[in-house]
Amino acid sequence: MEKVWDCIVIGAGPAGLSAAVNLRQRGKEPLVLSAGDNLLRKAERVDNYLGMPGLTGGEMMDRFTDHARQLGVEVRLAQVGNVMPLGDTFLVNAGGEILTARSVILACGVSKARAVPGEEEFLGRGVSYCATCDGMLYRDRDVAVWGLGPNAPEEADFLASIGCRVHYIAAKKPPHLADGIPFLEGRLEAVEGSQTVERVRVGGSIVPVTGVFILRASVPAGALVPGLPLTEDGYVCVDRRQCTEIPGLFAAGDMAGQPLQVAKAVGEGLTAGLACAEYLDGASR
Ligand SMILES: Cc1cc2nc3c(=O)[nH]c(=O)nc-3n(C[C@H](O)[C@H](O)[C@H](O)COP(=O)(O)OP(=O)(O)OC[C@H]3O[C@@H](n4cnc5c(N)ncnc54)[C@H](O)[C@@H]3O)c2cc1C
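Conventions adopted
Residues numbered from 1 in each chain as written. Predicted model: local features only at pLDDT ≥ 70, side-chain atom pairs only at ≥ 80, totals over all residues. Heavy atoms only, no water. Helix = DSSP H or I, 4+ residues; strand = E, 2+ residues; numbered from the N terminus. Rg over C-alpha atoms; globule rule 2.2 N^0.38 Å. Buried < 20%, exposed > 50% of the residue type's maximum accessible area, 1.4 Å probe, protein only. Contact = heavy atoms within 4.5 Å. Areas by Shrake-Rupley, 256 points an atom, 1.4 Å probe, with all protein chains shown as cover. Axes fitted to C-alpha atoms, helices over the stretch in contact; angles between N-to-C directions. Parallel < 35°, antiparallel > 145°, perpendicular 65-115°, else oblique. Left-handed = near helix turned anticlockwise from the far one by under 90°. Nonpolar A, V, L, I, M, F, W, Y, C, P; charged D, E, K, R; others polar. Pairing = 2+ DSSP bridges. Right-handed = clockwise from strand over helix to strand, strands pointing away. Polar contact = N/O pair within 3.5 Å; in protein donor to acceptor, adjacent residues only side chain to side chain.

- By the naming in an unreviewed UniProt entry, the protein goes by FAD-dependent oxidoreductase and is assigned to Ruthenibacterium intestinale.

Shown next, in the form of structure tokens:
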């Protein structure tokens with residue numbers, strides 16, 4: 001029978017790992033999914049985290065990760081495309097594999113990427129962040145893949161395998177891009193069309209496509225859980241216990257708002273972990 005996790009934590013930064021550690025302390029079995037390294041690893045020196053001055057961001061992340069692993073937390077490399085709440089369980093699309101959990105904690109940080117012109121306007125009308133979720137809609141059609149995340153070549157391969165004519169856009173050709181997929185060097189400059197997507201602009205040229213898959217390492221919160229209420233600044237709306245409007249769904253760290261700092265992410269991870277453990281205990285009674 002398919003495994004049902006107590007909680008799937010999306011993100012292995014300070015917030016996600018803190019949530020997972022506190023779930024373990026409460027005897028729960030979380031699975032942490034991570035799309036790859038987090039931004040903190042780029043910090044040369046972190047001086048404002050209590051009791052650990054002078055560490056590099058990488059050293060700090062290694063300590064956080066070791067702590068979680070010592071407590072038996074499983075951390076898996078997988079980019080989540082979307083989360084579907086089904087009442088008392090959630091389906092989580094982790095790089096094409098569908099996982100089931102009784103609760104979900106969103107701890108995905110913030111995307112530093114600025115939307116390209118047309119991206120928001122055509123979201124759901126040709127623009128997608130998840131090849132596995134939406135690929136079938138574009139069978140036998142021309143699609144562009146803008147490969148920014150680590151899984152993008154595999155996703156392009158998947159689209160080609162189901163019959164899409166894929167044009168792969170990236171600054172550099174990935175070594176494992178499948179032979180039959182044409183490569184366009186550059187960046188996605190604009191998505192254009194009328195009712196739906198009709199073309200994209202790349203390095204001054206126009207490529208006619210009906211779909212464009214923008215595959216960044218992080219997915220905007222609103223696209224991850226469709227209909228999830230966000231603040232005006234695009235952060236996930238949560239209460240003081242990190243609960244979202246959806247029962248069993250929590251959010252912590254940078255994605256839940258300012259200040260975007262490690263100590264706040266760790267604290268919110270703790271609060272979300274404890275609130276989630278309480279939710280699981282209540283739900284199992
Ligand atoms: C250069 C730099 C220097 C900094 N210096 C400091 C400092 O000195 N002091 C300080 O307090 N803060 C500092 N910060 C800020 C700090 O890094 C963040 O506040 C903190 O990392 C937020 O933690 P988080 O867990 O919310 O998100 P993140 O650390 O951003 O982690 C997000 C996680 O989610 C994963 N993820 C995202 N989308 C998906 C998806 N769709 N599926 C699966 N996984 C996903 C990512 O791979 C990552 O593991 C700095 C940041 C940068 C970039």
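1. Quick look at the overall build of the protein
Part 1 of the reasoning: Check the secondary structure of the protein and you find six helices and 17 strands.
Part 2 of the reasoning: The C-alpha atoms of the protein give 19 Å as radius of gyration, which agrees with the globular expectation for 285 residues (19 Å, within 12%).
Part 3 of the reasoning: Overall, the protein is about 55 × 45 × 35 Å in size when its C-alpha atoms are taken along their principal axes.
Part 4 of the reasoning: Expressed as a percentage of its 285 residues, the buried residues of the protein come to 47%.
Part 5 of the reasoning: Across the protein, the fraction of contacts at a sequence separation of at least 24, relative to all contacts at a separation of at least 6, is 57%.
Part 6 of the reasoning: Roughly 13,900 Å² of accessible area belongs to the protein as shown, and the carbon and sulfur atoms make up 50% of that amount.

2. Quick look at unusual backbone geometry
Part 1 of the reasoning: Each neighbour pair has its own omega, and for Q258 with P259 the value is -5 degrees, a cis peptide bond.
Part 2 of the reasoning: Relative to the helices and strands, P259 resides in the loop between strand 17 (249-251) and helix 6 (262-284).
Part 3 of the reasoning: One non-glycine residue, Q242, adopts positive backbone phi at about 65 degrees.
Part 4 of the reasoning: Mapped onto the fold, Q242 is located in the loop between helix 5 (221-224) and strand 17.
Part 5 of the reasoning: Residue class for Q242 comes out buried when judged on its relative accessible area of 6%.

3. With respect to the packing of helix 1 (residues 14-25) against helix 2 (residues 57-70)
The relative placement of two packed helices is expressed as an angle between their axes plus a distance between the axes.
Part 1 of the reasoning: Taken N-terminus to C-terminus, the directions of helix 1 and helix 2 make an angle of 25 degrees; their axes are 9 Å apart at the nearest point. Taken together, the axis directions place helix 1 and helix 2 in an arrangement best described as roughly parallel. Note that helix 1 runs across helix 2; the crossing there is left-handed. Contact residues: P14, L17 and V21 in helix 1; M61, F64, T65, H67 and A68 in helix 2.
Part 2 of the reasoning: By residue class, the composition of the contact of helix 1 with helix 2 is six nonpolar, two polar and no charged.

4. Quick word on the sheet that holds strand 7 (residues 97-101)
Part 1 of the reasoning: Pairing in this open sheet of four strands is mixed, and the strands run 1-7-6-5 from one edge to the other. Whereas interior strands pair on both sides, the edge strands pair on one side only; in this sheet they are strand 1 (4-5) and strand 5 (80-85).
Part 2 of the reasoning: In the sheet, strand 5 pairs with strand 6 (residues 90-94) via five bridges, with the strands oriented antiparallel. The residue of strand 6 that forms the bridge with V83 is V92.

5. Observations regarding the pairing of strand 3 (residues 30-34)
Part 1 of the reasoning: For strand 3, a buried count of five out of five residues is recorded, marking the element as mostly surrounded by other parts of the structure.
Part 2 of the reasoning: Because side chains alternate across strand 3, one face comprises the buried residues P30, V32 and S34, and the other comprises L31 and L33, equally buried.
Part 3 of the reasoning: Inspection of the sheet shows strand 3 paired to strand 4 (residues 74-77) by four bridges, in the parallel sense. Considered in strand 4, the bridge of V32 is made with V75.
Part 4 of the reasoning: The parallel pair strand 3 and strand 4, bridged by helix 2, forms a crossover whose chirality is right-handed.

6. Some remarks on the side chain of S103
Part 1 of the reasoning: Note on placement: S103 falls in the loop between strand 7 and strand 8 (104-106).
Part 2 of the reasoning: Looking at S103, the relative accessible area reads 0%, which means it is buried.
Part 3 of the reasoning: Only 2.8 Å separates the side chain of S103 from the backbone oxygen of D6, close enough to count as a polar contact.
Part 4 of the reasoning: Contact partners of S103, with chain neighbours within four places excluded, come to D6, C7, I8, F90, G248, C276, Y279 and L280.

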